[in-house]
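# Reading the structure
Residues per chain are reported as follows:
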Amino acid sequence: MELARGVGHRADLFDPASLAALGRIEIVARWIVDGFMSGLHRSARKGFSVEFADYRPYQPGDDLRYIDWKIAARADRWVVRQYEEETNLRASVVLDVSRSMAWSGAQMRVGQDATAADRLTKLAYAERLTAALALLLLRQRDAVGLVRFDDKIRSAVAPRARKGQWRRVIAALEEPGTGKASSAPDALEQAARLINRRGMIVLISDLLMDQPEVERAMRALRAGGHDITVLHVMDPAERELPSSGEALFVDPESELMVPASIADVRAAYRNTVEEVIGEWRSMFGSLGVGYEVISTDAPFGVPLRRAFAARQQLP
Amino acid sequence: MSFLAPLYLALGAFIAVPLIIHLMRRRVGSRVDFPATRYLARAEKEHSRSLRMRNLLLMFLRVLALIAIAAAAARPVASWVGAGHAPTAIAIVVDNSLSSSVVVDGRPLLDQFKTMARSVVNASTSADRIWLVTIDGKVQGGSAATLRDDINRLEPVAGSGDPAAALARAAGLVRASGLNARQIALVTDGQRTEWQRVPPIVGVQLMLYAPSTKPPLNHAVTLADARPVRWTPRGAVATRFLSRDSTSYRITLNGRTFARGTAAPNEEVIVRAAPPERGWVPGTVELEPDELAGDNVRHFAVWIGPAPGVAISPAAGSFVKNAVDVLRTTERVTDGKDIAIVPGDELSTMPALILAPVDPVKLGAANRALERAGVPWRFGAKHTGEATVRGAGLDGVTSTIRYDLVAQAGAVAETLAVVGRDAWIVAGGRYVLVGSPITPDATNLPIRAGFIPWLGDVLTTRLVGEPGQVISAAPGEQLPRPRWADGSESSDGQRTPLGETLEAPTRSGVLFLTRSGRRVGAVVVNPPPEESMLERFTPDELRDHIQSERTLVAATPSSWATMAFRAAARRSLLEPALIAALVLLTLEALAIGARSSRAA
């Protein structure tokens, strides 16, 4: 109950596994967004376009700055100016649902890492993050879509800002996935097609894929004027191997097998992971793509803030 | 380097464990799903060289540690360069038995042994304790210079010596030295007959040299006996030879050759003679000299004199008379009055062979006659029934009728035969007394084959001859003093009073025993016939035969000399091996620790 009280304050800062255990994905996502929003400072940016289209009645929650005060004075009713578009951004979340994402450190069964047992899989973490991010954008009147992919595109929800869009996104998240490979370029291309004009693309993936192909896809998207943010989801056990043990490590997607003594390779592995992250960061940086490594034991507020910051930099 | 417990080297087989772990480690462990396996593969690929080097280093450290532990368990010993040798107690046992005097390549084998012994003495230091032990068990100690002189003076003994006693004395000396390094340096010809029985040597290292070459062929006189010991004056010499072919021999008496001949190998030859010499005289049987000269001459001693005259009482019985007639025809006795053979009741002169009277009524007269003649024995109670007689030359003799022989006060006599616990034949200075009549109804003695030789010995040796006899002895043998002698006379005429014991001469020859200045017997010293058999153990056979705990066998005389003091020059490597194992295990732990800390 302490957690429930806490959720009422800042759910975005709670342990993700504990938070996920409290309810369904949409409930958790709402808590996260509510907590996140309550922690935001009011932005100086308006966020609405200025092309007027119509009026509509005021609804609680509408920004008071858009109330037409003249009409309110004349007719004693409150209306809100409605513009050509209700959204000022079309965003698409591209979510990797390949088999490598359906993994957490709890499945290693080597070494001793007590904290890994309660950890969310990368996919579970990414789905909750996706739901929260979609809700956050929708609340900003942005159009949000979703593309799920593994070795092929599993589901695609076109960006919309209308009511019910978030439900569609949530429903899409429950569709099957976990294929044997990650085909990010196709998914990114599909997301760009769905946005239909310049927009924002958030790729949530463990990036266990070939870097050159991703680079080519990113380059194409950037050429199309899209703003891209990559949230690189990693389980802590992928960054730091357990302290000891000896095992035959098998890639669930490619079936690549590597027998290793953890004590022997631990330091070398750590260095290699840092090198890989550095390579991704360097590549994305050269393309102007935002990049953040997200650990699955980090509160959802961390990646959410990173994605929101990227959004705020856009018009 | 060598090992005191080499079986523990089998522990070295455990070095297979780290090797197997090293080779198999890439095939063990559980299967783990791990999406970032591609990073792992890349890490291994990029760091494979350092990983392989580290694993190899660990493997080598573990292998070396196991080798060090196995070596330590096997108790290694080795010489430390430049360490010299610690103070050592060393007994040099030189086999100077007769067989060591065999000439090989123009010089006696013993000369080679002496050279080897000197080399060991020369290698000693003032801190060492060193003894020279000869094969007869005699010990010489002192400084190196003294021992060198003793070695130079060393001569072969006439016999085989006592190798077991020599080794036992040598082991006792070095063990009692108080020094930790103890050695026996044995140099011998490895003669098979000499090294038959050797006690195990415990707690002392034995360095051994024995020639691996075959000994030269040898011929020898293995038997030379005067038969009988008293010639009257006729007698015979029995002799036998060890040789491969027929051998020419010569027999001498008192330095005079009285017989020559040729004998087949190992055939007993009897040479009869009636020489003119009188009294105790020495004799020899000789062969032509060969490589081993010490056994080419064998000595004997014989008493030569006239046959005694014997007077027989008719009451002594027909069997005794017939026996004396036989002795008379062989010229061992003659008719005369030197010796009387009478029943006790007819005793009037001495010396005499006194028989029990056939008629018990005459026992009283017999006892009175004994008293008059000064014989300190009396006939006692009569016993009938067959009883076994025990005595020299009287095998199978029984008594049916006999009388107790009762000793009188002050009786000093030799019991020649008994029935049960009772004396049956006793002998004094001038008499031999028999407890039965010598008739077939009283005893079966007169119808036994040994009767005539027994009677001849009694008449010619005990009753007329001097009381002495011939004693055969090995060189240097300790003998009990014969009661019938009070002095000795060597071959060069030197006379010596006898002590409590009599030590036989160390050289072959005849030592006469005297009583009141007259020769009454002789000690005849000859090498044991086995000493002439020169067949040798091989060095390895000899090592196995001696059964020492630690035996080093030298292949050559020079290597034998270098083995000396090796026990002190060789130090235990146990501690260094343990330290090495500890250091290696520490390095292994450090390597693992470093790896773990890097991993952390």
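This structure is a prediction, so every number in the text was calculated from the model and none was measured. The numbering scheme is per chain: residues are counted from 1 as the chain's sequence reads. Chain A is the first chain written and ligand 1 is the first ligand written, with later ones labelled in order. Predicted model: local features are reported for residues with pLDDT of at least 70 only, side-chain atom pairs are reported and counted for 80 or more only, and whole-chain, interface and lining totals are derived from all residues.

### Quick notes on the overall build of chain B
Put simply, the rule reads: Helix and strand labels come from DSSP, where a helix needs a run of H or I of at least four residues and a strand needs a run of E of at least two; each type is numbered from the N terminus. Two residues qualify as a contact pair if the distance between their C-beta atoms, derived from the backbone, is within 7 Å.
Per the secondary structure count, chain B includes 12 helices and 36 strands. Put simply, of all contacts in chain B between residues at least 6 apart along the chain, 70% involve residues at least 24 apart.

### A word on the overall build of chain A
Along the backbone of chain A there are 11 helices and 10 strands. Intrachain contacts of chain A at a sequence separation of at least 6 include 75% that bridge at least 24 residues.

### So, the sheet that holds strand S6 (residues 200-205) of chain A
Residues and elements named next belong to chain A. To keep it simple, the criterion reads: We treat two strands as partners when DSSP finds at least two bridges between them. Between N-to-C directions, angles cover 0 to 180 degrees, with each direction set by a line fitted to C-alpha atoms, over the stretch in contact for helices.
Pairing in this open sheet of 6 strands is mixed, and the strands run S5-S4-S3-S6-S7-S10 from one edge to the other. The open sheet has two edge strands, strand S5 (153-160) and strand S10 (290-295), and neither has a second partner. The sheet shows a mean angle of 15 degrees between the axes of neighbouring strands, direction not considered. Here strand S3 (residues 90-96) runs beside S6; their pairing, made up of 5 bridges, is parallel. Following the sheet pairing, Ser92 is matched in S6 by Ile201. Running over the sheet, helix H5 (residues 122-139) touches S3, strand S4 (143-149), S6 and strand S7 (227-234) and is turned about 175 degrees from S3.

### Some thoughts on the nonpolar core
Residues and elements named next belong to chain B. Stated formally: A set of buried Ala, Val, Leu, Ile, Met, Phe, Trp, Tyr and Cys residues, joined through C-beta atoms within 7 Å, is what we mean by a nonpolar core. Any residue surrounded by 20 or more other C-beta atoms within 10 Å of its C-beta is treated as buried, while 12 or fewer makes it exposed and the intermediate range makes it partly exposed; C-beta atoms here are placed from the backbone.
Within the largest apolar cluster, 91 residues are counted, with the highest numbers of intra-cluster contacts made by Ala91, Ile92, Val93, Ala117, Ala170, Ile184 and Ala185. Considering each element in turn, this core owes the most residues, 7 residues, to helix H3 (residues 109-123). For Ala185, the residues in contact, after removing those within four places along its chain, are Ile90, Ile92, Val93, Val120, Met207 and Ala564.

### Here we look at the sheet that holds strand S11 (residues 220-227) of chain B
Residue and element names in this part refer to chain B. Spatial strand order, S11-S13-S16: 3 strands in an open sheet with antiparallel pairing. This sheet does not close on itself; its edge strands, each paired only once, are S11 and strand S16 (269-273). Averaged over all pairs of adjacent strands, the angle between strand axes in this sheet comes to 20 degrees, irrespective of strand direction.

### A few points about the environment of Leu253(B)
Residues and elements named next belong to chain B. In this structure, Leu253 sits in strand S14 (residues 247-253). Take Leu253: there are 22 C-beta atoms within 10 Å of it, and that puts it in the buried class. Sequence-wise, Leu253 and Val285 are 32 residues apart; in three dimensions their C-alpha atoms are separated by 9.2 Å. Beyond its immediate sequence surroundings of up to four residues, Leu253 is in contact with Phe258, Pro275, Glu277, Val281 and Gly283.

### Here we look at unusual backbone geometry
Following Thr232(B), the chain continues into Pro233(B) via a peptide bond in cis, with omega recorded as -20 degrees. One non-glycine residue, Glu255(A), adopts positive backbone phi at about 65 degrees. The residue Glu255(A) is located in the loop between strand S8 (246-250) and strand S9 (257-261) in this model. Since 9 C-beta atoms lie within 10 Å of it, Glu255(A) is described here as exposed.

### Thoughts on helix H10 (residues 262-287) of chain A
The cut-off we apply is this: To estimate how far a helix should extend, the number of its residues minus one is multiplied by 1.5 Å. One fitted axis covers the seven residues ending at a residue, a second covers the seven starting there, and the bend at that residue is the angle between these axes.
Given a rise of 1.5 Å per residue, 26 residues ought to cover 38 Å, and the 36 Å separating the end C-alpha atoms of H10(A) matches this to within 8%. By the largest-angle criterion, Ala268(A) marks the main kink of H10(A), which is about 30 degrees.

### Focus: the packing of helix H8 (residues 211-223) of chain A against H10(A)
All names here are of chain A. To keep things clear, this is the line we draw: Roughly parallel means an angle under 35 degrees; roughly antiparallel means over 145; roughly perpendicular covers 65 to 115; every other angle is labelled oblique. For a crossing to be left-handed, the near helix must be turned anticlockwise from the far one by less than a right angle; the clockwise case is right-handed. In the scheme used here, Gly and all other residues not listed as nonpolar or charged are polar, with Ala, Val, Leu, Ile, Met, Phe, Trp, Tyr, Cys and Pro taken as nonpolar and Asp, Glu, Lys and Arg as charged.
The geometry of H8 relative to H10 is characterised by a closest axis approach of 10 Å and an angle of 20 degrees between their N-to-C directions. Relative to H10, the element H8 is oriented roughly parallel. For the element pair H8 and H10, the recorded crossing hand is right-handed. Residue-level inspection shows Gln211, Glu215, Met218, Arg219 and Arg222 of H8 in contact with H10, the latter providing Glu279, Met283 and Leu287. Considered class by class, the residues forming the contact of H8 with H10 number 3 nonpolar, 1 polar and 4 charged.

### Examining the confidence of the model for chain B
Low pLDDT marks stretches whose predicted atomic positions should not be read closely. Residue and element names in this part refer to chain B. Note the threshold: Each residue carries a pLDDT value, the predictor's own confidence for that position, ranging from 0 to 100.
A residue-level look at chain B finds 93% of positions with pLDDT of 70 or above and a mean pLDDT of 86. Least confident of the elements in chain B is helix H11 (residues 566-569), whose mean pLDDT is 62; most confident is strand S22 (residues 352-355), at 95. Model confidence for the complex: the whole-complex pTM is 0.51, and ipTM, which rates the interface, is 0.77.

### Details of the environment of Phe241(B)
Its location among the elements puts Phe241(B) in strand S13 (residues 235-242). In this structure, the C-alpha to C-alpha distance between Phe241(B) and Asn296(B), residues 55 residues apart in sequence, is 9.3 Å.

### Description of the packing of helix H6 (residues 318-329) of chain B against helix H8 (residues 451-463) of chain B
Residues and elements named next belong to chain B. Running from amino to carboxyl end, H6 crosses H8 at an angle of 70 degrees, the nearest separation of the two axes being 10 Å. Classified by the interaxial angle, the pair formed by H6 and H8 is roughly perpendicular. Of H8, the residues touching H6 (which contributes Ala323, Val326 and Leu327) are Phe451, Ile452, Leu455, Gly456 and Leu459. Taken together, the residues of the contact of H6 with H8 sort by class into 7 nonpolar, 1 polar and no charged.

### Focus on the pairing of strand S24 (residues 398-407) of chain B
Residue and element names in this part refer to chain B. Across 8 bridges, strand S23 (residues 377-391) lies against S24 in antiparallel orientation. Bridge pairing links Thr384 to Ile401 in S24. Where S23 folds back onto S24 in an antiparallel hairpin, the turn is made up of 6 residues, including Gly393, whose phi is positive at roughly 75 degrees.

### Here's the deal with H3(B)
Residues and elements named next belong to chain B. Rules: Directions drawn from the helix axis to the C-beta atoms are what define this arc.
Taking 1.5 Å as the rise per residue, H3 with 15 residues should run 21 Å; its terminal C-alpha atoms sit 22 Å apart, in good agreement. Buried within H3 we find Leu109, Leu110, Phe113, Lys114, Met116, Ala117, Val120 and Val121. End-on view of H3: buried residues confined to an arc of 165 degrees, all on one side of the axis.

### Considering the environment of Pro437(B)
Residue and element names in this part refer to chain B. Locating Pro437 in the fold gives a position in the loop between strand S27 (431-434) and H8. Owing to 24 C-beta atoms within 10 Å, Pro437 belongs among the buried residues under this scheme. Separated by 121 residues in the primary sequence, Pro437 and Ala316 have C-alpha atoms spaced 7.4 Å apart. Apart from residues no more than four positions distant in its own chain, Pro437 is found in contact with Gly317, Leu355, Ala356, Pro357, Val358 and Ala442.

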